[in-house]
Structures are given as C-alpha cells and as structure tokens.
Amino acid sequence: MIYFVFPLVNSTQNLAFSYYESFGVPETFVVFRALAQTKGYGRRGTPWKSAKGNLLFSVLFSIPADWSYSSMLVKIGASSVVKVLKDCGVSAYLKYPNDVFVQNKKISGILGNIFHTNDSLWGGILGIGVNINATPEIQDATYKTTSLKELSGNTWDIEKIMKNILQTLRQQLVLDKAEQK
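These numbers come from a predicted model, not from an experiment.

Here we take up the pattern of salt bridges. By the definition in use, this model includes four salt bridges. Residue Arg33 pairs with Glu159 through a salt bridge whose shortest N-O separation is 2.2 Å. One end of the pair, Arg33, is in strand 2 (residues 30-34); the other, Glu159, is in helix 4 (residues 158-180), and 126 residues separate them in sequence. Measuring nitrogen to oxygen at the nearest pair gives 2.9 Å for the salt bridge that ties Lys83 to Asp87. Highlighted residues: Lys83 and Asp87, both in helix 2 (residues 68-87), separated by four residues, approximately one helical turn.

What follows is the structure, encoded as structure tokens:
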C-alpha cells in the first residue's frame, strides 16, 4: 500500500485521479488522506463538508474488467464502512445509494469512480468521508449529520478506523474478485 497524508487539499478524489493519469492503474492500494479539504464533493458534485477531526480519503486500486463493478463499487465501500462502525459498537446502515446513516443521521458518504483502461484490468477510486470527531453543520440539508464522538461522547482514533476500513475494503474486493472467476 502507498499512503499519502496532506494537511489541506482541494479534494482527495482529484489527487487520486491525477495520480491515475500520471501513473496508470496501480498494483496496490494508493491512499490519499487529507486532514481537511476545501472542495470535497459527493454524488452529482454535492459539496461534502470536511470538518477537521474527520476521516477524509480516497483510495485508488485495480479491479478486474467487469461491468458489475459499476454498480457494486460504492456498495462495497459502504458495506466496509458499515462493518467497521458496527465493530465500534455503532448500529450503522446503508442509505442507498451511497450514504451511511446512524439513528437517521448521516455519518458517512462514499463516492466511486471506475476507469476502463483495457480489456482485463480497470482502475477504481473510492472516496470515503466518515464523521469521526466532529459533526459538520450542513445548511439546507435534507438530513441531519452525526459523528462517532457525538454518539459516544468519546474521541476516536482516526488512523485506526481508516486502517480497519482499508483492511475490510481489501477483503471485500478480494472476495468479489474471487466470485467473479
């Protein structure tokens, strides 16, 4: 795994895509983590509030060339987040198509992109934001937000949660690749 951490970026998705444009599809996970973002976004370009103290990252990886990933990639990312939150004692669930909720409040958003590079191997980018130690206030949102800290009253180890999400994501992708064969 290649791992980059930046104090401030416009978007981890943009960093991952730039890396892909320069180096192509990697053989391993390439992770781009930001402590803060100025232009984080979700589906349809919706701004993602990037409060300091939260987990903000994108991961670039290879996947087998298969159209099923177009619909499954975000679900794989979301299920990885849900599993890790449940391991933390939080009853989380996927709110289709790309949000994770706890107690009817948004705690995470996932954004997926696939790049059709050749006949056997494609590239994938998953952008994942999880509210860990800060609850962003979103003006005019159709949903309320929450964070692990708000739910528990405790400060959480962001690195540990990210490591667990990446490990779970890697397992999910390997399982999915095995099922494709």
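Right, let's get into the pairing of strand 6 (residues 105-115). For strand 6, the buried fraction is high: eight of the 11 residues fall into the buried class. With four bridges joining them, strand 5 (residues 99-102) and strand 6 adopt antiparallel strand pairing. Paired with Val102 across the bridge in strand 6 is Lys105. Between strand 5 and the antiparallel strand that follows it, strand 6, lie two residues; Gln103 among them carries a positive phi value of about 50 degrees. Sheet topology places strand 6 next to strand 7 (residues 121-130); eight bridges connect them, and they run antiparallel. Residue pairing in the sheet places Asn113 in a bridge with Ile125 of strand 7. Counted along the chain from strand 6 to the antiparallel partner strand 7, the turn is five residues long.

A few words now on the side chain of Gln37. Positionally, Gln37 belongs in the loop between strand 2 and strand 3 (55-64). Under the relative-accessibility criterion, Gln37 is labelled buried at 14%.

Counting 36 residues, the largest nonpolar core has Leu55, Val100, Ile165 and Leu173 as its most contacted members. The set of elements that each furnish at least two residues to this core consists of strand 3, helix 2, strand 5, strand 6, strand 7 and helix 4. Per-element tally for this core: the top contributor is helix 2, with nine residues. In this view, Ile165 contacts Leu55, Phe57, Ser80, Val81, Val84, Ile128 and Val130; residues no more than four positions away in its chain are not counted. In terms of nonpolar packing, the next biggest core, distinct from the first, is built from eight residues, Ala16, Phe32, Leu60 and Ile125 among them.

The periodicity of an α-helix, 3.6 residues per turn, causes residues three or four positions apart to be oriented the same way. Taking 1.5 Å as the rise per residue, helix 1 (residues 12-23) with 12 residues should run 16 Å; its terminal C-alpha atoms sit 16 Å apart, in good agreement. The inward-facing, buried residues of helix 1 contact strand 1 (2-6), strand 2, strand 3, strand 6 and strand 7. Among the residues of helix 1, the N-terminal cap falls to Ser11, whose side-chain oxygen and the backbone nitrogen of Gln13 are separated by 3.1 Å. Where helix 1 ends, the next residue or the one after it, Gly24, has phi of about 80 degrees, a positive value.

With 20 residues, helix 2 should reach 28 Å at 1.5 Å per residue; the first-to-last C-alpha distance of 28 Å fits that figure. Within helix 2, burial applies to Tyr69, Leu73, Val74, Ile76, Gly77, Ala78, Ser80, Val81, Val82, Val84 and Leu85. Once helix 2 finishes, Gly89 follows within two positions and takes phi at roughly 90 degrees, a positive value.

What follows covers unusual backbone geometry. At the junction of Tyr96 and Pro97, the peptide bond is cis and its omega measures out at 10 degrees in the coordinates. Positioned with a positive phi, Gln103 is a non-glycine residue whose angle comes to about 50 degrees. Mapped onto the elements of the fold, Gln103 is located in the loop between strand 5 and strand 6. With a phi close to 60 degrees, Asn104 is a non-glycine residue in the positive phi region. The residue Asn104 is located in the loop between strand 5 and strand 6 in this model.

The rules we used
- Residues numbered from 1 in each chain as written.
- Predicted model: local features only at pLDDT ≥ 70, side-chain atom pairs only at ≥ 80, totals over all residues.
- Heavy atoms only, no water.
- Salt bridge = Lys/Arg side-chain N within 4 Å of Asp/Glu carboxyl O.
- Helix = DSSP H or I, 4+ residues; strand = E, 2+ residues; numbered from the N terminus.
- Buried < 20%, exposed > 50% of the residue type's maximum accessible area, 1.4 Å probe, protein only.
- Pairing = 2+ DSSP bridges.
- Core = buried A, V, L, I, M, F, W, Y, C linked by side-chain atoms within 4.5 Å.
- Contact = heavy atoms within 4.5 Å.
- Expected span 1.5 Å × (residues − 1).
- Polar contact = N/O pair within 3.5 Å; in protein donor to acceptor, adjacent residues only side chain to side chain.

By themselves, these figures tell us nothing about what the structure is for.
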